[in-house]
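The primary structure of each chain is shown beneath.
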Amino acid sequence: MDRYVVFGNPISHSKSPLIQRMFAEQTGKQLHYSTMLAPLENFTGCVNEFFRQGRGANITMPFKEHAYRLANRLTKRAQRTGAVNTLSKLVDGTLFGDNTDGVGLVRDLTVNAGFSLRGKHILLLGAGGAVRGVLEPLLAKQPTLLILANRTVEKAKLLVSLFNDINSVYACGFDSLLEPVDVIINATSVSMSEIVPPISGSLVKPGKTICYDMMYGKQSTAFCCWANKQGAAVVMDGLGMLVEQAAESFFFWHGVRPDTASVLAELR
Ligand code: ATR
């Protein structure tokens, strides 16, 4: 049976095995998918060992940039992202890397929730690896304005400079933001620790603005609670993005697109 894993550290909490097994069952694929705890100091060795037999892998924190450097070939979107969350072993033994995170976010917003991002004002909070992965697919939807706000403004500026061929992207700090926007996406790592980035409530137009947290948890995340309090029209967590990026990885390996709605409903 073909073997697949998700590499991470920590990894025991991962829902990827459950999701990929549901996709496999649904599409009649015979495969084995499990978690693999990769040591922080020997990710390369762990990946090489796995791919002696293995067929494909997902990569999660903190190894996505490392996986990018390990891949022998990259999809266009992975090249720009500088991070890889999916590796596939090709017949000639080379490792082909992709990044499906951004497509996952965009599909959750546009297909599952039915929003159009074209012509909208989007505010993206954070400038780490999570943001890097989603910038290009978001920009491909042609928002009028994409503001990248980060605690460390220089990091946001650096990311924006990678997209200087597109003139609708701007970088700033949190405190200069006041005007309401159409969509706010939280891609900082603070939700894990019950903190909300220090942004003004005036950014949410009650009944109009959509708020999306790339994190998810059993309880509502701190950012989702904040958004509800401000009267956001729609508040979403990142579970849909997780399922959608997994579906895109499944497609990358098997060439078959699984149905995500039933899997998302089951996880909820
Ligand atoms: P990831 O790969 O998940 O994006 P990361 O690269 O470590 O993780 O980035 C974490 C993001 O959360 C960064 O944008 C970080 O801001 P800085 O660049 O200023 O460090 C942001 N972040 C982390 N803790 C934060 C806090 N307490 N308040 C605001 N932003 C925070």
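Here the residue numbers are simple positions, counted from 1 along each chain's written sequence. It should be noted that, the model being predicted, local features are given only for residues of pLDDT at least 70 and side-chain atom pairs only at 80 or more, the latter also being counted only at that level, while totals for whole chains, interfaces and linings use all residues. Only hydrogens and water are removed before side-chain values are computed, so all heavy atoms of the structure are retained for them.

Side note on the pairing of strand β5 (residues 86-89)
In step 1: By this definition, two strands are paired if DSSP reports at least two bridges between them. Helix and strand definitions follow DSSP, with helices as H or I runs of at least four residues and strands as E runs of at least two, each counted in order from the N terminus. In terms of strand pairing, strand β3 (residues 56-59) meets β5 through three bridges, oriented antiparallel. Each bridged residue has a counterpart across the sheet, and for Asn-58 the counterpart in β5 is Thr-86.
In step 2: Between β5 and strand β6 (residues 95-98), which pair antiparallel and follow one another directly, the connecting turn spans five residues, one of which, Gly-93, has a positive phi of 90 degrees.

Describing the nonpolar core
In step 1: Within the largest apolar cluster, 28 residues are counted, with the highest numbers of intra-cluster contacts made by Leu-105, Leu-109, Leu-124, Leu-138 and Ile-185.
In step 2: Of all elements in the fold, only α5 (101-112), β7 (121-125), α6 (129-140), β8 (145-149), α7 (153-161), β10 (183-186) and β11 (210-213) reach the threshold of two or more residues within this core.
In step 3: Here the element with the most residues in this core is α6; it accounts for five residues.
In step 4: Leave out the neighbours within four places in its chain, and Leu-109 touches Gly-114, Phe-115, Leu-117, Ile-185, Ile-210, Tyr-212 and Met-236. Only buried residues count toward a nonpolar core, which is a set of Ala, Val, Leu, Ile, Met, Phe, Trp, Tyr and Cys residues joined through side-chain atoms within 4.5 Å. Exposure is judged per residue with a 1.4 Å probe applied to protein chains only, and the accessible area is read against the type maximum: over 50% gives exposed, under 20% gives buried, and values in between give partly exposed. Contacts are assigned to residue pairs with any non-hydrogen atoms lying within 4.5 Å of each other.

Some details on the site of the ligand
In step 1: If a single non-hydrogen atom of a residue is within 4 Å of a molecule or strand, that residue counts as near it. Around the ligand, 14 residues are found, and the nearest of them are Ala-127, Asn-150, Arg-151, Thr-152 and Lys-155.
In step 2: Measuring from an oxygen atom of the ligand, one finds a backbone N or O atom of Ala-127 at 2.9 Å.
In step 3: Identification of polar contacts relies on pairs of N or O atoms within 3.5 Å, with a donor-acceptor requirement for protein atoms, meaning one able to donate a hydrogen and the other able to accept it, and with residues adjacent in sequence counted only if both atoms are side-chain atoms. For the ligand, an oxygen atom lies 2.9 Å from a polar atom in the side chain of Arg-151.
In step 4: In isolation the ligand offers 640 Å² of accessible surface; the protein chains occlude 73% of this area.
In step 5: For the shell around the ligand, the per-class residue count stands at five nonpolar, seven polar and two charged. Residue-level accessible areas treat just the shown protein chains as cover; the underlying method is Shrake-Rupley with a 1.4 Å probe. Polarity classes work like this: nonpolar for Ala, Val, Leu, Ile, Met, Phe, Trp, Tyr, Cys and Pro, charged for Asp, Glu, Lys and Arg, and polar for all others, with Gly in that last group.

Structural notes on the UniProt feature "binding site: shikimate" (unreviewed entry) in the chain
In step 1: UniProt positions are given in the numbering used here, feature names are shortened, and annotations may be inferred rather than shown by experiment. The positions UniProt marks with the feature "binding site: shikimate" (unreviewed entry) are Ser-14, Lys-15, Ser-16, Thr-60, Asn-85, Asp-101, Tyr-216 and Gln-245.
In step 2: Within the fold, Ser-14 resides in the loop between β1 (2-8) and α1 (16-27).
In step 3: Judged by its relative accessible area of 19%, Ser-14 falls in the buried class.
In step 4: Once residues lying within four places of it in the same chain are set aside, the contact partners of Ser-14 are Val-6 and Thr-35.
In step 5: Mapping Asp-101 onto the fold places it in helix α5.
In step 6: Here Asp-101 falls in the buried class, since its relative accessible area comes to 10%.
In step 7: Apart from the residues lying within four places of it in its own chain, the contact partners of Asp-101 are Lys-64, Asn-85, Val-134, Met-241 and Gln-245.
In step 8: Within polar-contact distance, the side chain of Asp-101 engages the side chain of Lys-64 at 2.8 Å.

Topic: the packing of α5 against helix α9 (residues 239-254)
In step 1: Axes, fitted as lines to C-alpha atoms, cover a helix only where it is in contact. Angles between the N-to-C directions of the axes lie from 0 to 180 degrees. One way to put it is that α5 packs onto α9 with a least axis distance of 7 Å and a crossing angle of 120 degrees. When the axis of α5 is compared with that of α9, the two are oblique. Where α5 crosses over α9, the handedness of that crossing is right-handed. Facing α5, whose interface residues are Asp-101, Val-103, Gly-104, Leu-105, Arg-107, Asp-108 and Asn-112, α9 presents Gly-240, Met-241, Glu-244, Gln-245 and Glu-248.
In step 2: Of the residues that constitute the contact of α5 with α9, the class distribution is three nonpolar, four polar and five charged. To sort the angles, those under 35 degrees are grouped as roughly parallel, those over 145 as roughly antiparallel, those from 65 to 115 as roughly perpendicular, and the leftovers as oblique. Crossings are sorted by hand: turned counterclockwise from the far helix by less than a right angle, the near helix makes the crossing left-handed, and turned clockwise it makes it right-handed.

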